[in-house]
Amino acid sequence: MKTSSDFEKRLLGYGLLTAEIVYRLPDHPRFLQSFLLQTEDMAPGFPELTRFLDFWEKEIEGRIHSVRVAHQNLIEPVDFRYADGEIVLH
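Values in this document were obtained by computation on a predicted structure and should not be read as measured data.

Q: Explain the overall build of the protein to me, using residue names and the numbers behind them.
A: The helix and strand inventory of the protein stands at two helices and three strands. Here the protein holds 90 residues, and 17% of them are scored as buried. For the protein, the exposed surface amounts to about 7500 Å²; the carbon and sulfur share of it is 55%.

Structure (structure tokens):
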């Protein structure tokens, strides 16, 4: 039986990342605008978020003002347990 890559990523420590990116556009520099990003990422290095922010800096004209990050592990020790026995019905 093959496990899904999503499940394997969760076992490796990936969790749900929500990042609020606050930025300014060049034509309206006094206004702050907000962009929400949600993806699976690994704390504390956040490689997916870092890759996205590098892309933003190179390709998008909006200058980043701040980034606020929330991260939640999707599988925690209480969520993942091995069975101690087997129950057979019929």
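Past the structure itself, the notes keep going.
Q: Summarise the pairing of strand E1 (residues 14-25); cite the residues concerned and give the values.
A: By the bridge criterion, 11 bridges tie E1 to strand E2 (residues 28-42) in an arrangement that is antiparallel. For threonine 18, the partnering residue across the bridge sits in E2 and is glutamine 38. Counting the residues in the hairpin turn of E1 and E2 gives two residues. Direction of pairing for E1 relative to strand E3 (residues 63-73): antiparallel, over a ladder of 10 bridges. Its bridge partner being in E3, glutamate 20 is matched across the sheet by arginine 68.

Q: Provide a residue-level description of helix H2 (residues 47-59), including the pertinent values.
A: The end-to-end C-alpha distance of H2 is 18 Å, a good match for the 18 Å that 13 residues give at a rise of 1.5 Å each. Residues of H2 that are buried: Leu49, Leu53 and Trp56. Buried positions in H2, seen along its axis, are confined to an arc of 55° and lie on one side of it. Among the exposed residues of H2, those pointing more than 90 degrees away from its buried face are Arg51, Lys58 and Glu59. Looking at the buried residues of H2, the elements they touch are E1, E2 and E3.

Q: So, the pattern of salt bridges: which residues are in play, and what are the values?
A: Scanning the entire structure with this criterion turns up two salt bridges. The shortest N-O distance in the salt bridge between arginine 68 and glutamate 20 comes to 2.7 Å. You can see arginine 68 sitting in strand E3 and its partner glutamate 20 sitting in strand E1, a full 48 residues away along the chain. Of the residues examined, arginine 68 reaches a relative accessible area of 59% and is grouped as exposed. As a salt-bridge pair, glutamate 48 and arginine 51 come within 2.9 Å of each other at their nearest N and O atoms. One end of the pair, glutamate 48, and the other, arginine 51, are both in helix H2, three residues apart, so they sit about a helical turn from each other.

Rules used in this analysis
Residues numbered from 1 in each chain as written. Predicted model: local features only at pLDDT ≥ 70, side-chain atom pairs only at ≥ 80, totals over all residues. Heavy atoms only, no water. Helix = DSSP H or I, 4+ residues; strand = E, 2+ residues; numbered from the N terminus. Buried < 20%, exposed > 50% of the residue type's maximum accessible area, 1.4 Å probe, protein only. Areas by Shrake-Rupley, 256 points an atom, 1.4 Å probe, with all protein chains shown as cover. Pairing = 2+ DSSP bridges. Expected span 1.5 Å × (residues − 1). Arc of directions from axis to C-beta. Contact = heavy atoms within 4.5 Å. Salt bridge = Lys/Arg side-chain N within 4 Å of Asp/Glu carboxyl O.

Note that all results are geometric; they support no functional claim without further evidence.
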